[in-house]
Amino acid sequence: MLVGLDIGGTKIEVKVLSDTGIELFVRRVATPNNYDDFINVVAQLIADTEKEVGAFASIGAGLPGAVSPVTGFIQNANSVFLNGNDVVRDLQKITNKSVSIANDANCFALSEAVDGAAKGSSVVFGAILGTGCGGGLVVNKNVLTGKNAIAGEWGHNPLPYYDPAIDGDIGTCYCGRKNCIEQFISGTGFAAQHNQKNQTKLNSKEIVDLAMNGQIEAKASYDLLVDQMARSFALLTNILDPDAIVLGGGMSNVDSLYSDVKRAMSNYIFAEKPSIHLVKAKFGDSSGVRGAAWLSRR
Ligand SMILES: [Zn+2]
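Residues numbered from 1 in each chain as written. Predicted model: local features only at pLDDT ≥ 70, side-chain atom pairs only at ≥ 80, totals over all residues. Heavy atoms only, no water.

- Per an unreviewed UniProt entry, the chain goes by the name Fructokinase and belongs to Vibrio hangzhouensis.

**Details of the coordination of the zinc ion**
At step 1: For the zinc ion, every protein donor is listed as His156 (ND1), Cys173 (SG), Cys175 (SG) and Cys180 (SG), and the spread of their distances is 2.1 to 2.3 Å.
At step 2: Of note is the zinc ion, whose 4 donor atoms meet at the metal with angles of 104 to 116 degrees in an arrangement that counts as tetrahedral.
At step 3: Each donor residue of the zinc ion lies on the same chain, and together they follow the pattern H-x16-C-x1-C-x4-C.
At step 4: For cysteine 173, a relative accessible area of 7% gives the class buried. (Donors = N, O, S within 2.8 Å, 3.2 Å for Na, K, Ca; no water. Tetrahedral: all angles 85-135°; square planar, octahedral: opposite > 155°, others 65-115°. Buried < 20%, exposed > 50% of the residue type's maximum accessible area, 1.4 Å probe, protein only.)

**Re the nonpolar core**
At step 1: Formed by 38 residues in total, the largest nonpolar core has its most connected members in Leu129, Trp154, Ile185, Met229, Phe233 and Val261.
At step 2: Those elements that place two or more of their residues in this core are β8 (123-129), β9 (133-139), α5 (182-185), α6 (187-198), α7 (204-212), α8 (216-240), β11 (244-248) and α9 (256-265).
At step 3: Top contributing element to this core by residue count: α8, with 9 residues.
At step 4: When near neighbours in sequence (up to four residues on either side) are disregarded, leucine 129 contacts Trp154, Ile185, Gly187, Met229, Phe233, Leu247, Gly248, Gly249, Gly250 and Met251.
At step 5: With 25 residues, the next largest nonpolar core counts Ile74, Ala77, Phe81 and Leu91 among its residues. (Core = buried A, V, L, I, M, F, W, Y, C linked by side-chain atoms within 4.5 Å. Helix = DSSP H or I, 4+ residues; strand = E, 2+ residues; numbered from the N terminus. Contact = heavy atoms within 4.5 Å.)

**Examining the pattern of salt bridges**
At step 1: This structure, assessed with the given rule, holds 17 salt bridges.
At step 2: Two residues, glutamate 13 and arginine 28, come together in a salt bridge whose shortest N-O distance is 2.7 Å. In this pair, glutamate 13 sits in strand β2 (residues 11-17) while arginine 28 sits in strand β3 (residues 23-30), placing the two residues 15 residues apart along the sequence.
At step 3: For arginine 28, a relative accessible area of 52% translates into the label exposed.
At step 4: By sharing partners, the salt bridges in this structure join Lys11, Glu13, Lys15, Glu23, Arg28, Asp115 and Arg290 into a single network. (Salt bridge = Lys/Arg side-chain N within 4 Å of Asp/Glu carboxyl O.)

**Re a nonpolar patch on the surface**
At step 1: A cluster of nonpolar side chains, Met1, Ile22 and Leu24, forms an exposed patch at the surface whose accessible area comes to about 280 Å².
At step 2: If you trace the backbone, isoleucine 22 turns up in the loop between β2 and β3. (Patch = residues over 30% accessible without salt bridge, like charges linked within 9 Å, V, L, I, M, F, W, Y side chains within 5 Å. Areas by Shrake-Rupley, 256 points an atom, 1.4 Å probe, with all protein chains shown as cover.)

**Concerning the sheet that holds strand β7 (residues 98-103)**
At step 1: The strand order β3-β2-β1-β4-β7 describes an open sheet built from 5 strands, whose pairing is mixed. The outermost strands of the open sheet, each flanked by one partner alone, are β3 and β7. The average angle at which neighbouring strand axes cross in this sheet is 20 degrees, direction not considered.
At step 2: Note: strand β4 (residues 58-63) against β7, 6 bridges, orientation parallel. (Pairing = 2+ DSSP bridges. Axes fitted to C-alpha atoms, helices over the stretch in contact; angles between N-to-C directions.)

**Observations concerning the sheet that holds β9**
At step 1: Reading across the sheet, the 5 strands line up as β10-β9-β8-β11-β12 and stay open at both edges, with mixed pairing between neighbours. Two strands close off the open sheet at either side, each with one partner strand: β10 (142-143) and β12 (278-280).
At step 2: Here β11 runs beside β12; their pairing, made up of 3 bridges, is parallel. If you follow valine 246 over to β12, its bridge partner there is valine 279.
At step 3: Where helix α3 (residues 104-115) meets the sheet, it contacts β8, β9, β10 and β11, and its direction lies at approximately 50 degrees from that of β9.

**Comments concerning the packing of helix α1 (residues 35-53) against helix α2 (residues 87-95)**
At step 1: Here α1 crosses α2 at 45 degrees, and the two axes come no closer than 10 Å. As judged from the angle between their axes, α1 and α2 are oblique. Note on packing geometry: the crossing formed by α1 with α2 is right-handed. Packed against α1, whose contacting residues are Tyr35, Phe38, Ile39, Asn40, Val42, Ala43 and Ile46, the element α2 presents Val87, Asp90, Leu91, Ile94 and Thr95 at the interface. (Parallel < 35°, antiparallel > 145°, perpendicular 65-115°, else oblique. Left-handed = near helix turned anticlockwise from the far one by under 90°.)

**Notes on the domain arrangement of the chain**
At step 1: In terms of domains, the chain is made up of domain 1 (2-103 + 286-295) and domain 2 (117-281).
At step 2: Each of domain 1 and domain 2 was reduced to a C-alpha centroid, and the two centroids are 29 Å apart.
At step 3: Contact with domain 1, which involves 6 residues of that partner, is made by 5 residues of domain 2.
At step 4: Between domain 1 and domain 2, roughly 330 Å² of surface is buried when both sides are summed, and carbon and sulfur atoms account for 59% of that area.
At step 5: Along the contact surface separating domain 1 from domain 2 lie 0 salt bridges.
At step 6: Our enumeration of links across domain 1 and domain 2 arrives at 0 residue pairs in polar contact (both at pLDDT 80 or more).
At step 7: Grouping the constituent residues of the side of domain 1 that touches domain 2 by class yields 4 nonpolar, 2 polar and no charged. (Domains from an automatic or database assignment. Buried area = accessible area lost by both parts, 1.4 Å probe. Polar contact = N/O pair within 3.5 Å; in protein donor to acceptor, adjacent residues only side chain to side chain. Nonpolar A, V, L, I, M, F, W, Y, C, P; charged D, E, K, R; others polar.)

**A closer look at unusual backbone geometry**
With glycine set apart, most residues show a phi of negative sign, and most peptide bonds adopt trans.
At step 1: For alanine 149, which is not glycine, the phi dihedral falls at a positive 60 degrees.
At step 2: Alanine 149 sits in the buried class, given a relative accessible area of 14%.

**Some thoughts on α9**
At step 1: Those residues of α9 not exposed but buried are Leu257, Tyr258, Asp260, Val261, Ala264 and Met265.
At step 2: Elements that come into contact with the buried residues of α9 comprise α8, β11 and β12.

Below, the structure is given as structure tokens:
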């Protein structure tokens, strides 16, 4: 039995999987807004879960943030009250269970690598293209965290082959750098690019729908997105050459992207007729909590 926690900005979800990945139990509670309440709510959730499914010894947890390898404290979490706290220690103490924590994009990649769209692949890169552009790296079903706990965070590299005349200039990323990949190929970034160019207020899905219906400006934005994604994933491929790249988040629902981006990637990859496995996530929004559960195997 595997127990995963997905710690989000608005809800905390617990999911219990069988050793073969079958979902046995799920429950959600609202995320509190301070640290003490957070610890108590999680402790209660775990106690309630144990009552339902029986005893377990370990928990995996995913959150949008990371455990600092230097301090052991949470950093970069969007539930800001978590930052600067030793969540692993505190949860272990109150639940009396072994706790493993990973970034939610890493959990996503792990879920898809173990029994999702990249099942059977050795080196798997998972990219969540939604509000932001998260990335996680899994090798032989183990999350690669990295020396600075940023392995896979390719979204804050500059867009490869960036050309202001083609790609436009949207200013500074929240991370303080300019022309980050995230500013172009996340759902939010794609919409912002299009809206800035066309003085519109559309979301990414509306733009894609217009493009599919042949609207000229939207089609131009879609074609540019395809090329920007191809450049971004080709950069990754030239360094890592993964067996599979799995997409999640809102943009992963645009089915035409898979063949279009794959075709365009060939222009930028340092190989003749490269073999590219670019696929849609199997478990969608459930992949974060499923990956957290797989994390508890350790
Ligand atoms: Zn950035």
